[in-house]
Amino acid sequence: MTQPELIDIIATPERLPSLRPADQGRIIRQARHAALLGSLDARIETGSVNDELADHLLGARILAGFFDTQMKWETRCLERVLVSLEGPVLLLKGAAYKVLDLGLARGRLASDVDLLLPRDQLDAAEALLIGAGWQPMKEDEYEQHYYREWMHELPPLRHGERGTFVDLHHNILPPTSRFMVDAGKLLQHASPIPDSVLYTLSPVDTVLHRSAHLFVDGDMDNRLRELVDLHGLLSLYSKEEDFRHSLLPRASELGLTTPLYYAIYFCHNLLLWEVPAGWLEKLEGTTGLGAAFTRVLMESQLRSSDPSGCTWRQRISGWLLFLRSHWLRMPPWMLARHLFRQAWRRGGLKTGV
């Protein structure tokens with residue numbers, strides 16, 4: 001019988017208490033490595049687990065509670081610092097889920113805060129944060145240039161006392177990406193957070209952002225956790241009729257139908273989410289000829305969550321997806337220049353040979 005993997009237990013968490021102790025231990029290691037043990041705890045009835053498993057889940061619950069408190073405190077601090085900005089400031093990803101108290105935030109670990117705001121407000125926001133104790137993490141001149149000219153965010157900032165991180169974004173994908181997104185359209189549809197000066201992306205744009213981050217911009221790090229986030233968002237918002245009618249047209253409007261296809265495909269096939277009728281068929285028609293091969297690579301990585309190592313197939317698929325993410329991120333001439341510069345800086349190229 002094939003051993004269950006973490007992704008199988010995330011899809012059917014009720015199986016975990018009945019597994020053999022050795023399999024339970026392996027799943028716990030995988031979940032901790034993937035930062036998903038707290039999320040797994042939130043999916044399991046506590047009365048159904050044995051003492052050893054219960055101890056592991058309790059530890060994850062306590063840790064998640066600490067991160068919840070830290071995240072809410074950091075958000076309040078940021079509200080006070082950035083309240084004078086003219087443009088809307090949007091919370092993204094884990095911080096938004098925590099503040100909105102979404103179900104998928106239960107047990108989720110999140111220590112850094114991602115913010116989206118108009119590009120012409122970035123310098124003012126950065127100055128306010130530095131004045132309040134956050135410090136730049138990228139001092140190198142080339143790194144500063146790379147972030148400010150080519151990326152969709154500024155170099156990360158770290159608080160000098162608390163050690164927390166803030167990323168200031170002006171878009172959800174780099175401006176050089178093959179999937180170019182009009183950030184103004186995202187800001188126009190922003191949703192205000194109750195009792196706060198901050199905003200979040202609309203539900204539809206939240207799903208599209210997470211899809212783009214995992215299947216376009218990322219190199220598949222934290223891959224399974226991001227898919228679990230997508231599953232939670234789709235499960236929550238697809239109950240709303242307006243969301244079901246708006247998601248596919250909005251994906252087409254923003255040019256994100258391909259990453260949305262992968263998001264829905266894997267949420268359905270790996271996490272057993274029930275897709276509304278016709279969605280996959282409509283989205284599949286927007287993908288290119290290499291979609292089937294890309295799915296194979298991505299599935300290999302999404303199933304890879306064992307900290308003890310990965311197979312040669314998973315190493316190759318990870319390397320190919322890393323190349324794919326860079327290929328999608330910038331045009332060939334810029335990519336070649338960037339990789340050459342990085343190799344030079346890291347000592348990969350030597351002069352005088």
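The model shown is predicted, which means the values in this text are computed figures rather than measured ones.

The rules behind these values
- Residues numbered from 1 in each chain as written.
- Predicted model: local features only at pLDDT ≥ 70, side-chain atom pairs only at ≥ 80, totals over all residues.
- Heavy atoms only, no water.
- Pairing = 2+ DSSP bridges.
- Helix = DSSP H or I, 4+ residues; strand = E, 2+ residues; numbered from the N terminus.
- Contact = heavy atoms within 4.5 Å.
- Axes fitted to C-alpha atoms, helices over the stretch in contact; angles between N-to-C directions.
- Core = buried A, V, L, I, M, F, W, Y, C linked by side-chain atoms within 4.5 Å.
- Buried < 20%, exposed > 50% of the residue type's maximum accessible area, 1.4 Å probe, protein only.
- Salt bridge = Lys/Arg side-chain N within 4 Å of Asp/Glu carboxyl O.
- Phe/Tyr/Trp six-rings, centres within 6.5 Å; stacked < 30°, edge-to-face > 60°.
- Lys NZ or Arg CZ within 6 Å of the ring centre and 35° of its normal.

Student: Provide a residue-level description of the sheet that holds strand E1 (residues 90–92), including the pertinent values.
Tutor: Strands in a sheet are paired, the pairing made by backbone hydrogen bonds, and the direction either parallel or antiparallel. Here we have 7 strands laid out as an open sheet, ordered E3-E4-E5-E2-E1-E7-E6, and mixed in their pairing. With one partner strand each, in any of the chains shown, strand E3 (134–136) and strand E6 (191–192) form the two edges of the open sheet. Note that E6 and strand E7 (residues 199–200) share 2 bridges and pair antiparallel. Its bridge partner lying in E7, Ser191 is registered against Thr200. Where helix H6 (residues 122–131) meets the sheet, it contacts E3, strand E4 (157–159) and strand E5 (165–169), and its direction lies at approximately 165 degrees from that of E5.

Student: I'd love a proper account of the nonpolar core, names of residues and values included.
Tutor: Counting 97 residues, the largest nonpolar core has Leu168, Leu227 and Leu247 as the members making the most contacts within it. No other element matches helix H12 (residues 257–269), which puts 8 residues into this core. Not counting the four nearest positions on each side in its chain, Leu227 is found in contact with Ile7, Leu214, Phe215, Ala263, Phe266, Cys267, Leu270, Leu271 and Leu302. The next biggest cluster of nonpolar side chains, apart from the first, holds 6 residues, and it includes Tyr142, Tyr147, Met151 and Met330.

Student: Residues and numbers for the pattern of salt bridges, please.
Tutor: The final tally for this structure, using the stated rule, is 16 salt bridges. The salt bridge partner of Glu5 is Arg26, with a shortest N-O separation of 3.9 Å. Of this pair, Glu5 sits in the segment before helix H1 (6–11) while Arg26 sits in helix H2 (residues 21–33), and the two are 21 residues apart along the sequence. Asp229 is the salt-bridge partner of Arg108, the closest N and O atoms lying 2.7 Å from each other. Placement of the pair is Arg108 in the loop between helix H5 (93–99) and strand E2 (112–116) and Asp229 in helix H10 (residues 223–237), with a sequence separation of 121 residues. By relative accessible area, Asp229 is classed as buried at 3%. Here the residues in one salt-bridge network are Glu5, Arg20, Asp23 and Arg26, joined through shared partners.

Student: Requested: an account of the environment of Asp120, with residues and values cited.
Tutor: In this structure, Asp120 sits in the loop between E2 and H6. Considering only alpha carbons, one finds Asp120 and Glu86, 34 residues apart in sequence, at a separation of 9.9 Å.

Student: Provide a residue-level description of the packing of aromatic side chains, including the pertinent values.
Tutor: Per the counting criterion, the structure on display carries 8 aromatic pairs. Centre to centre, the rings of Phe215 and Phe266 are 5.9 Å apart; their planes meet at 15 degrees, and the pair counts as stacked. On the criterion of sequence distance, the pair formed by Phe215 in helix H9 (residues 203–217) and Phe266 in helix H12 is long-range, its members being 51 residues apart. This pair shows no difference in class: Phe215 is buried, exactly as Phe266 is. For the ring pair Trp273 and Trp279, a centre distance of 6.2 Å and an interplane angle of 50 degrees mean the geometry is tilted. Across the pair, Trp279 and Trp273 agree in class, each one buried. Following the ring pairs from residue to residue traces out a cluster consisting of Phe215, Tyr261, Tyr262, Tyr265 and Phe266. When the ring centre of Trp73 is taken as origin, the NZ or CZ atom of Arg80, which lies over that ring, is 5.6 Å away. Above the plane of the ring of Tyr265 lies Arg295, whose end atom (NZ or CZ) is 4.7 Å from the centre.

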